[in-house]
Amino acid sequence: QVRLVESGGGLVQAGESLRLTCEASGTTSRLNAMGWFRQAPGKERERVAHMSAGGTRNIADSFKGRVAISRDDNKNIVYLQMNSLKPEDTAVYYCNAKDGSIPVWGQGTLVTVSS
């Protein structure tokens, strides 16, 4: 079974950048797509970006130009680089992966952007 652990969240000021890290452990031989979602207070969870095992990136339209996703398959890590952060980016960011066809979630890491 795959376990996901996020890190890198914290408090930043508007305009700053942040890089989130998600490390997968356990039985990772069937890891497929890995990516990120976020959930702001009082809002539904929304997809930010994901990346296939083959390296294809898919970034949600509302985040294009501000985020970048990358992964290191040797370390089973996926990164989310976020730039020009805004207060409305304040949310819990969740790592998501496909263990074969089964979705797996991390516990989330809080990002708070102050104005």
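This text follows the structure it describes.
The structure displayed is predicted, hence computed values, not measured ones.

A. Geometry of the packing of aromatic side chains. Tallied over the entire structure, the rule returns 2 aromatic pairs. Consider the rings of F37 and W105, whose centres lie 5.0 Å apart with planes at 65°: the pair is edge-to-face. With F37 in strand β4 (residues 31-39) and W105 in strand β10 (residues 102-105), this residue pair connects regions lying 68 residues apart in the sequence. A relative accessible area of 36% means that W105 is categorised as partly exposed. With a centroid separation of 6.5 Å and 85° between ring planes, the pair formed by Y94 and W105 is classed as edge-to-face.

B. Highlighting the side chain of D89. Here D89 is to be found in the loop between β8 (77-82) and β9 (91-99). There is a polar contact of 2.7 Å between the side chain of D89 and the side chain of R66. A polar atom in the side chain of D89 sits 2.7 Å from the backbone nitrogen of K86. Discounting residues that sit within four places of it in the chain, D89 has contacts with R38, R66, S84, V111 and V113.

C. Representation of the pattern of salt bridges in the model. If you walk through the whole model with that rule in mind, you get 6 salt bridges. Residues R66 and D89 are paired through a salt bridge, measuring 2.7 Å at the closest nitrogen-oxygen approach. Here R66, found in the loop between β6 (57-59) and β7 (67-72), pairs with D89, found in the loop between β8 and β9; they are 23 residues apart in sequence, far enough to count as distant. A relative accessible area of 16% places R66 in the buried class. The class for D89 is buried, based on a relative accessible area of 2%. Through salt bridges with shared partners, a single ionic network connects R38, E46, R66 and D89.

D. Representation of the state of the cysteines in the model. Enumeration over the complete set of coordinates arrives at 1 disulfide. Paired by a disulfide, C22 and C95 hold their sulfur atoms 2.0 Å apart. Between C22 and C95, the S-S dihedral sits near -80°, and the bridge is therefore left-handed. One end of the pair, C22, is in strand β3 (residues 18-26); the other, C95, is in strand β9, and 73 residues separate them in sequence. Residue C22 is classed as buried on the basis of its relative accessible area, which comes to 0%. For C95, a relative accessible area of 0% corresponds to the buried category.

The rules behind these values
- Residues numbered from 1 in each chain as written.
- Predicted model: local features only at pLDDT ≥ 70, side-chain atom pairs only at ≥ 80, totals over all residues.
- Heavy atoms only, no water.
- Phe/Tyr/Trp six-rings, centres within 6.5 Å; stacked < 30°, edge-to-face > 60°.
- Helix = DSSP H or I, 4+ residues; strand = E, 2+ residues; numbered from the N terminus.
- Buried < 20%, exposed > 50% of the residue type's maximum accessible area, 1.4 Å probe, protein only.
- Polar contact = N/O pair within 3.5 Å; in protein donor to acceptor, adjacent residues only side chain to side chain.
- Contact = heavy atoms within 4.5 Å.
- Salt bridge = Lys/Arg side-chain N within 4 Å of Asp/Glu carboxyl O.
- Disulfide = S-S within 2.5 Å.

As far as function goes, none of this settles anything; it's purely spatial.
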